[in-house]
Amino acid sequence: VSGYDLCQYYLFLKRHINKFNNLKQVILVICTHNDLIGTGANFDNGKKKPLFVVRNNNLLLANNSINEHCLRNLFSRSCFLGMSWPRNVIGDILSKIAGDKVLSRREVEEVSLVLLQKIFELVLSHNAELLVVLNPSKEDFTAKSFSLDYFEYIFNKLRFKGINYIDYMIILKKEDQKELNTFYLDDGHYNKKGNMFFAKTVYQHLQKEL
């Protein structure tokens with residue numbers, strides 16, 4: 001879903017996980033292009049979205065209910081304002097009126113860490129295994145983003161014992177650079193060819209595991 005991040009991944013899984021019988025694997029694909037950034041804001045693609053915060057080591061949903069017709073969503077439908085607002089006095093005023101909130105870098109790291117732990121525990125409680133795949137952006141191959149570096153650090157240190165992890169960056173680096181460029185539709189999204197390669201990688205990994 002366009003604009004989804006760790007907050008919505010967790011909420012979606014929590015809402016729907018009981019619908020699956022004999023669940024074996026849950027695959028979490030983290031888009032390093034913007035998932036970490038999105039996790040730290042209560043809006044994305046111009047619209048209001050869930051935002052978690054950590055208070056006294058507890059994960060709290062800062063906005064329990066989001067009105068479809070809230071100011072943020074109404075502004076986003078404006079041809080003049082569009083999806084984003086200019087970074088000037090007018091943009092700041094509109095942002096304040098709409099109730100926009102953006103967490104600090106430290107807060108985003110803290111929230112994302114707890115959300116990943118919650119997802120892991122939720123999957124584990126249903127006797128299933130969690131498979132995590134970090135999905136790098138095209139730019140990560142020239143200059144690794146903080147987001148990719150941060151998530152790699154988490155999983156390389158095995159802070160969550162029992163999480164199955166595909167280091168997709170290493171797999172992609174084995175491909176010819178010219179071939180790799182044909183995988184992407186833009187910086188953060190694959191085209192049909194890139195999606196197929198990604199799907200085959202996950203499929204082959206699961207074949208060995210299962």
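Heads up: the structure comes first, above all this text.
Residues numbered from 1 in each chain as written. Predicted model: local features only at pLDDT ≥ 70, side-chain atom pairs only at ≥ 80, totals over all residues. Heavy atoms only, no water.

## What to know about the layout of surface pockets
Then, number 1: When its volume is computed, the second largest pocket comes out at roughly 390 Å³.
Then, number 2: Around the second largest pocket sit 20 residues that line it, and Tyr4, Gln8, Lys48, Lys49 and Pro50 are the ones nearest its centre.
Then, number 3: For the lining of the second largest pocket, the secondary-structure elements that each account for two or more residues are α1 (6-16) and β3 (47-48).
Then, number 4: In terms of residue count, the dominant contributor to the lining of the second largest pocket is α1 (five residues).
Then, number 5: Along the lines of polarity and charge, the residues of the lining of the second largest pocket split into seven nonpolar, seven polar and six charged. (1 Å grid on protein atoms, 1.4 Å probe; cavity = no way out; pocket = protein on both sides within 12 Å on 5 of 7 lines; lining within 4 Å. Points joined across faces, edges and corners; volume = space filled by probe spheres on them. Helix = DSSP H or I, 4+ residues; strand = E, 2+ residues; numbered from the N terminus. Nonpolar A, V, L, I, M, F, W, Y, C, P; charged D, E, K, R; others polar.)

## With respect to a nonpolar patch on the surface
Then, number 1: Residues Leu71, Leu74, Val89, Ile93 and Ile97 make up a contiguous nonpolar surface patch of about 450 Å² in total accessible area.
Then, number 2: The set of elements that each furnish at least two residues to the nonpolar patch consists of α3 (71-76) and α4 (89-98).
Then, number 3: For the nonpolar patch, the element with the most residues is α4, which contributes three residues.
Then, number 4: The residue leucine 74 is located in helix α3 in this model. (Patch = residues over 30% accessible without salt bridge, like charges linked within 9 Å, V, L, I, M, F, W, Y side chains within 5 Å. Areas by Shrake-Rupley, 256 points an atom, 1.4 Å probe, with all protein chains shown as cover. Salt bridge = Lys/Arg side-chain N within 4 Å of Asp/Glu carboxyl O.)

## Here's the deal with the packing of aromatic side chains
Then, number 1: Applying the stated criterion across every chain yields a total of eight aromatic pairs.
Then, number 2: On the numbers, 4.9 Å between centres and 50° between planes, the contact of tyrosine 184 with tyrosine 190 is tilted. For the pair tyrosine 184 and tyrosine 190, a shared accessibility class is recorded, and that class is buried.
Then, number 3: Taken together, the ring pairs in this structure connect Tyr168, Phe183, Tyr184, Tyr190, Phe197 and Phe198 into an aromatic cluster. (Phe/Tyr/Trp six-rings, centres within 6.5 Å; stacked < 30°, edge-to-face > 60°. Buried < 20%, exposed > 50% of the residue type's maximum accessible area, 1.4 Å probe, protein only.)

## Here's the deal with the side chain of threonine 39
Then, number 1: Looking at the element boundaries, threonine 39 is found in helix α2 (residues 35-39).
Then, number 2: Other than its neighbours up to four places away in sequence, threonine 39 contacts Asp5, Leu6, Cys7, Leu51, Leu103, Val111 and Leu115. (Contact = heavy atoms within 4.5 Å.)

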